[in-house]
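Structural features, examined
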Amino acid sequence: QIREAGMKVGIGLKPNTPVETVLPFVSSVDMILIMTVEPGFGGQKFMQPMMSKVKILRDKFPELDIEVDGGVSPATIQHCAEAGANMIVSGSAVVNASDPAAVIAQLRNVINKAL
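Residues numbered from 1 in each chain as written. Predicted model: local features only at pLDDT ≥ 70, side-chain atom pairs only at ≥ 80, totals over all residues. Heavy atoms only, no water.

Here the focus is helix α4 (residues 100-114). Residues three or four positions apart in an α-helix share a direction because the helix packs 3.6 residues into each turn. In a regular helix each residue adds 1.5 Å, so 15 residues correspond to 21 Å; α4 covers 22 Å between its end C-alpha atoms and thus fits that length. Those residues of α4 not exposed but buried are V103, L107, V110 and I111. For α4, the angular spread of buried residues about the axis comes to 95 degrees, placing them on one side. Looking at α4, the residues exposed on the side facing more than 90 degrees away from the buried face are A101 and K113. Looking at the buried side of α4, the elements it contacts are α2 (77-83), β4 (87-89) and α3 (92-95). (Helix = DSSP H or I, 4+ residues; strand = E, 2+ residues; numbered from the N terminus. Expected span 1.5 Å × (residues − 1). Buried < 20%, exposed > 50% of the residue type's maximum accessible area, 1.4 Å probe, protein only. Arc of directions from axis to C-beta. Contact = heavy atoms within 4.5 Å.)

Turning to the pattern of salt bridges, a few remarks are in order. Two side chains of opposite charge can pair, provided their charged atoms sit close to one another. For the structure shown, the criterion picks out two salt bridges. Its salt-bridge partner being R3, residue D30 comes within 3.1 Å of it at the nearest N-O pair. Taken together, the residues span a long stretch of sequence, with D30 in the loop between β1 (10-13) and β2 (31-35) and R3 in the segment before β1 at a distance of 27 residues. Owing to a relative accessible area of 24%, D30 belongs among the partly exposed residues under this scheme. Note on R3: relative accessible area 45%, which makes it partly exposed. A salt bridge links K55 to D59, with the nearest nitrogen and oxygen atoms 3.0 Å apart. Of the two residues, K55 and D59 are both situated in helix α1 (residues 51-60); the distance of four residues between them amounts to about one turn of the helix. Looking at K55, the relative accessible area reads 39%, which means it is partly exposed. (Salt bridge = Lys/Arg side-chain N within 4 Å of Asp/Glu carboxyl O.)

Here it is, written out as structure tokens:
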């Protein structure tokens with residue numbers, strides 16, 4: 001029904017959900033979102049151990065869109081890129097920046113170089 005409505009399908013994983021939970025469903029989705037903080041409010045600290053989930057997915061599914069959300073900033077973007085994320089959500093780091101466009105460009109450049 002999601003695709004019939006013209007949308008893409010995704011699954012999100014909270015930090016305490018094992019990545020193995022989504023493996024049986026990867027062929028049915030367009031994107032997997034790895035939460036790098038507990039969902040609920042902005043400004044939380046990036047949870048680096050979540051990058052192992054990104055790495056597992058990237059190794060098994062090279063063409064899959066893998067998104068990370070939570071604590072993504074210029075200080076953490078390299079970890080996301082190295083693990084294999086190709087979609088980024090960055091809230092506080094962008095909206096609280098004196099030059100949001102520069103932060104967006106920096107995040108994009110790091111991901112693009114890793115691709």
